[in-house]
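What follows is each chain in one-letter form.
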Amino acid sequence: MGKRKRLAHPPHDTNTLLPQKKHYRQRAHANPFSDHALDYPSSLEAIDWSEHYPAFAASGKTPEFADIGCGFGGLLIALAPLFPDTLMLGMEIRVQVTQYVQDRIAALRTTSVAPAPSSMSLSTTTTPYQNVSVIRANAMKFLPNFFPKHSLSALFFLFPDPHFKARKHKARIISPTLLAEYSYVLRPGGIIYTITDVRDLHEWMNAHLDAFPLFESVSETELREEGFGPVLDAVYHSTEEGKKVERNGGKKWLACFRRKEASRMVAT
C-alpha cells in the first residue's frame, strides 16, 4: 500500500496542540453500501504498517486490536497506555472523523500526553501512543484486506449504527456473513466486544453471535476475573457515544463473545 493520503487539515485551537472536534463537522452516519471512493491494499503484503507505527517498524508486528467504526478514537486512546506493545487500529468510514483521530494521535505523540502508567503495562517504551493508528475504510466490505488469518485478539463494535428500519437491518455491522469474516481474522481465544444503548440492536447482535458456531458467549464477570476489567471499563466509558449515554442517563447493553478453537465447533 502506498503512502497514506493526507486529508484536508482543519485548524487547531490556538490554545492547544490537540484537535478540537468543532473543526471536524461530519454527519453522524454513513451508508456502508456506498462506494465512498476508498482505496484498499491489493494484498496484505502491500500494507506498510511502519507508516502507521514508525516506532515499531523493526518489530514486524501487525495490529492485534481493531476498533470497527472507531468514531473519535476514545477507545484507542484509553487502551493505548494499557497495552503499549500491542498495535491497535481504528477503522472509520467518515472523512472528517478519520482526520480528527489522525490529528489527535499525532498531537498526543508529539506532546507525550499520557495517563499515569498502568500496572498492566510491562513496556519500557517512553513515548506514548506509538501503538495506535487509524485508517479510513469500510470494514463491512474489505476487512480481510487488512488483517491476516487469526491475527487479531480483540474486535470492538461500540455503539454501532442501529439501522432501526427493518429494511436497513442488512446494513448492521453484525450479520452471519460478516461474522464469518470476523471469525477468520480473530484468533482462537480472541474476543468480540459489543455494546449499545439500543436494546433491539443488542438482542440482534447477541442472537447472531450466539447462533454462529465459532463464537461462544463470555460473561462480564468471567472477563473481569480473567483480568480484562480495564478493557471493559474502556468499552463502557471511553467513547463519545458512551459518554453521551451516561450524560442522558441511558442504559448500556454489553455482549462479549470468544472465538472458539475449530475443534470445538458445534454442529448446527
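Residues numbered from 1 in each chain as written. Predicted model: local features only at pLDDT ≥ 70, side-chain atom pairs only at ≥ 80, totals over all residues. Heavy atoms only, no water.

Considerations on helix H4 (residues 176–185)
Line of reasoning, step 1. Those residues of H4 lying buried are Leu178, Leu179, Tyr182, Ser183 and Val185. Down the axis of H4, the sector holding all buried residues measures 165°, keeping them to one side.
Line of reasoning, step 2. Tucked into the core, H4 has its buried residues touching helix H3 (139–142), strand E4 (152–158), strand E5 (186–196), helix H5 (199–211), strand E6 (215–218) and strand E7 (253–259). (Buried < 20%, exposed > 50% of the residue type's maximum accessible area, 1.4 Å probe, protein only. Helix = DSSP H or I, 4+ residues; strand = E, 2+ residues; numbered from the N terminus. Arc of directions from axis to C-beta. Contact = heavy atoms within 4.5 Å.)

Here we look at the packing of aromatic side chains
Aromatic ring pairs are defined here through the distance separating the ring centres and the angle between the ring planes.
Line of reasoning, step 1. One pass over the structure, following the stated rule, counts 9 aromatic pairs.
Line of reasoning, step 2. When the centroid spacing of 6.2 Å and the interplanar angle of 40° are considered together, the rings of Trp49 and Tyr53 count as tilted. Side by side, Trp49 and Tyr53 carry an identical accessibility label, which is buried.
Line of reasoning, step 3. On the numbers, 5.4 Å between centres and 65° between planes, the contact of Phe65 with Phe83 is edge-to-face. With Phe65 in strand E1 (residues 65–68) and Phe83 in the loop between helix H1 (74–79) and strand E2 (88–92), this residue pair connects regions lying 18 residues apart in the sequence.
Line of reasoning, step 4. Its relative accessible area of 9% is what places Phe65 among the buried residues.
Line of reasoning, step 5. Look at Phe83 and you get buried, because its relative accessible area is 18%.
Line of reasoning, step 6. Members of the aromatic cluster, each reached through a chain of ring pairs, are Phe65, Phe83, Phe156 and Tyr193.
Line of reasoning, step 7. A cation sits over an aromatic face here: Arg172 above Trp204, 4.9 Å from the ring centre. (Phe/Tyr/Trp six-rings, centres within 6.5 Å; stacked < 30°, edge-to-face > 60°. Lys NZ or Arg CZ within 6 Å of the ring centre and 35° of its normal.)

Section: the UniProt feature "binding site: S-adenosyl-L-methionine" (unreviewed entry) in the protein chain
Line of reasoning, step 1. Per the UniProt record, "binding site: S-adenosyl-L-methionine" (unreviewed entry) is found at Gly69, Glu92, Ile93, Asn138, Ala139, Leu158, Thr239, Glu240 and Glu241.
Line of reasoning, step 2. Within the secondary structure, Gly69 is located in the loop between E1 and H1.
Line of reasoning, step 3. Residues within four places of Gly69 in sequence aside, it is in contact with Met91 and Glu92.
Line of reasoning, step 4. Residue position: Ile93 is located in the loop between E2 and helix H2 (95–111). (UniProt positions renumbered as here; feature names shortened; annotations may be inferred.)

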